[in-house]
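# Fold and contact review
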Amino acid sequence: MKDVAIIGLGCAGYTAAIYSARYKLDTVIIGDVEGGMGMSAAEVGNWPGEIEIKGPDLMQKYKDHALSFDNVELVSGRVEKVEEGFKLTMQNGDVIEAKTVVFATGSNKRHLGIPGEEEFSGKGVTYCATCDAFFYRDKTVAVLGGGDSAVEGAAIAAQVAKKVYLVHRRDEFRAEPFWIDKVNEKDNIEFVLNTNAVEVLGEQKVTGLKIDTPHNGSDTLEVDGVFIEVGSIPAVDLPQQLGCELDDRGHLRVDEGMRTSVNGAFAAGDVSSGSNHFAQFATAAGEGSIAANSVFSYIQGGN
Ligand code: NAP
């Protein structure tokens, strides 16, 4: 029986593991997606202490730090089932038991649900502009969305692609001004605003994107790739098996100690309702540390 099972190999999970280790808790950290969403950050410029670092390099540092403690065990694989007690059943049938659980399960990219999207997934449609942009050297791509992921993605794609259409349903971006400046500086990015994508076109691969508002007189953008960056959905399947409550935005409801509505179950990072829903490395780390602190109190007999 472990003291704490942390599910998720992102910033929140690794930070919870580092703190748990220093509280001398017998800790297991489990996951099947190494590094989580942090892996898709091409350049991180807001992690204190690093003026600029690549997401995968930062994730590797978190992992090395967490695994530098003898009382942290990493289990690679997918947790299929969580039962009170807590009993975690892995996809391969292994069972892990722990006194407490921290859900640091992050989120999954939102799909648009338009015709052609699933059909061309992996054949020109992708959900990580910064990861896949480099396959589109000298090509034309459309990036959909108006948040940090889309605007950063467009800026990164424009470094290699011949042309980038940034397609957004409103005429204002919600991304950080830092990234908005970056896209404004690029002369190969064209804004397609107040516009929704309605269909991905193609044969073997993507050839175009149909839009609901004509752009330069056409309802089709001729593109080789469509990068869908329209936000993400919290990964709450496992905590819902325990009956953990959600908030009205579908995140795991937590109190200021990152406690969920189920005794002994905690949450941290993008999956949680904490930090005003501000999904950042810094907030995920903060929540991971608070969750570990609450686990420590819980195990000592507090709450
Ligand atoms: P987000 O902030 O939720 O933005 C999603 C974007 O997609 C919004 O512009 C939204 O439009 C649009 N959208 C949503 N549903 C749509 C639909 N059905 N059709 C068309 N457009 C749709 O998501 P995100 O950009 O992935 O960012 C998620 C979190 O990660 C944020 O907290 C962000 O700050 C963080 N992040 C940070 C960085 C960084 O460098 N600091 C980088 C990446 C992500 P509206 O604007 O009209 O709602």
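These numbers come from a predicted model, not from an experiment.

Definitions and cut-offs
- Residues numbered from 1 in each chain as written.
- Predicted model: local features only at pLDDT ≥ 70, side-chain atom pairs only at ≥ 80, totals over all residues.
- Heavy atoms only, no water.
- Axes fitted to C-alpha atoms, helices over the stretch in contact; angles between N-to-C directions.
- Helix = DSSP H or I, 4+ residues; strand = E, 2+ residues; numbered from the N terminus.
- Left-handed = near helix turned anticlockwise from the far one by under 90°.
- Contact = heavy atoms within 4.5 Å.
- Nonpolar A, V, L, I, M, F, W, Y, C, P; charged D, E, K, R; others polar.
- Domains from an automatic or database assignment.
- Buried area = accessible area lost by both parts, 1.4 Å probe.
- Salt bridge = Lys/Arg side-chain N within 4 Å of Asp/Glu carboxyl O.
- Polar contact = N/O pair within 3.5 Å; in protein donor to acceptor, adjacent residues only side chain to side chain.
- Buried < 20%, exposed > 50% of the residue type's maximum accessible area, 1.4 Å probe, protein only.
- Near = heavy atom within 4 Å.
- Areas by Shrake-Rupley, 256 points an atom, 1.4 Å probe, with all protein chains shown as cover.
- Phe/Tyr/Trp six-rings, centres within 6.5 Å; stacked < 30°, edge-to-face > 60°.
- Expected span 1.5 Å × (residues − 1).
- Pairing = 2+ DSSP bridges.

## Comments concerning the packing of helix H1 (residues 11-22) against helix H7 (residues 281-299)
Put simply, H1 and H7 touch, their axes get as near as 7 Å, and they point 40° apart. By crossing handedness, the relation of H1 to H7 is classed as right-handed. Facing H1, whose interface residues are Cys-11, Ala-12, Thr-15, Ala-16, Tyr-19 and Ser-20, H7 presents Phe-281, Ala-284, Ala-285, Gly-288, Ser-289 and Ala-292. Classifying every residue of the contact of H1 with H7 by side-chain character gives eight nonpolar, four polar and no charged.

## What to know about the domain arrangement of the protein
Each domain of the protein was delimited in the assignment, giving domain 1 (2-109 + 232-299) and domain 2 (125-228). Inter-centroid distance (C-alpha atoms) of domain 1 to domain 2 is 32 Å. Taken together, the seven residues of domain 1 in the interface contact 11 residues of domain 2. Both faces considered, domain 1 and domain 2 share a buried interface measuring about 610 Å² in area, 49% of it formed by carbon and sulfur atoms. Broken down residue by residue, the surface that domain 1 buries against domain 2 is led by Ser-40, Glu-43 and Lys-109, which jointly contribute 69%. Summed over the shared surface of domain 1 and domain 2, the result is zero salt bridges. There are two residue pairs in polar contact (both at pLDDT 80 or more) connecting domain 1 and domain 2. Across the side of domain 1 that touches domain 2, the residue classes tally to two nonpolar, three polar and two charged.

## Some details on the environment of Leu-58
Turning to its location among the elements, Leu-58 is positioned in helix H2 (residues 55-66). With relative accessibility at 2%, the residue Leu-58 sits in the buried group. Remark: the alpha-carbon pair of Leu-58 and Ser-261, spanning 203 residues in sequence, is separated by 32 Å. Not counting chain neighbours up to four residues away, the residues in contact with Leu-58 comprise Val-44, Trp-47, Ile-53 and Phe-281.

## Side note on the site of the ligand
What surrounds the ligand is a group of 20 residues, the closest being Asp-148, Ser-149, Arg-170, Arg-174 and Gln-280. For the ligand, an oxygen atom lies 2.6 Å from a polar atom in the side chain of Asp-148. Ser-149 is positioned such that a nitrogen or oxygen atom in its side chain is 2.7 Å from an oxygen atom of the ligand. In isolation the ligand has 910 Å² of accessible area, and contact with the protein removes 76% of it.

## Looking at the packing of aromatic side chains
The full count for this structure, using the stated rule, is six aromatic pairs. Centre to centre, the rings of Tyr-136 and Phe-227 are 5.2 Å apart; their planes meet at 80°, and the pair counts as edge-to-face. In this pair, Tyr-136 sits in the loop between helix H3 (129-132) and strand E9 (140-144) while Phe-227 sits in strand E15 (residues 225-228), placing the two residues 91 residues apart along the sequence. Between Phe-178 and Trp-179, the ring centres sit 5.1 Å apart and the planes meet at 90°, which makes this aromatic pair edge-to-face.

## Things to note about H7
Helical geometry note: an α-helix holds 3.6 residues per turn, so side chains three or four residues apart project in the same direction. Taking 1.5 Å as the rise per residue, H7 with 19 residues should run 27 Å; its terminal C-alpha atoms sit 27 Å apart, in good agreement. The first or second residue beyond H7 is Gly-301, which carries a positive phi of 105°.

## Remarks on the sheet that holds strand E10 (residues 163-167)
Sheets are built from strands paired through backbone hydrogen bonds, the pairs being either parallel or antiparallel. Taken together, five strands build an open sheet; the order of strands is E8-E15-E9-E10-E11 and the sheet is parallel. Every other strand in the sheet has two partners, leaving strand E8 (125-126) and strand E11 (189-192) as the edge strands with one partner each. The strands touched by helix H4 (residues 148-157) within the sheet are E9, E10, E11 and E15, with E10 carrying the most contacts at an inclination of about 170°.

## What to know about the side chain of His-251
Note on placement: His-251 falls in the loop between helix H6 (237-242) and strand E17 (265-267). Judged by its relative accessible area of 13%, His-251 is buried. Of note is the side chain of His-251, whose polar atom sits 3.1 Å from the backbone oxygen of Asp-270. Engagement of the side chain of His-251 in a polar contact is seen with the backbone oxygen of Ser-272, the distance being 3.1 Å.

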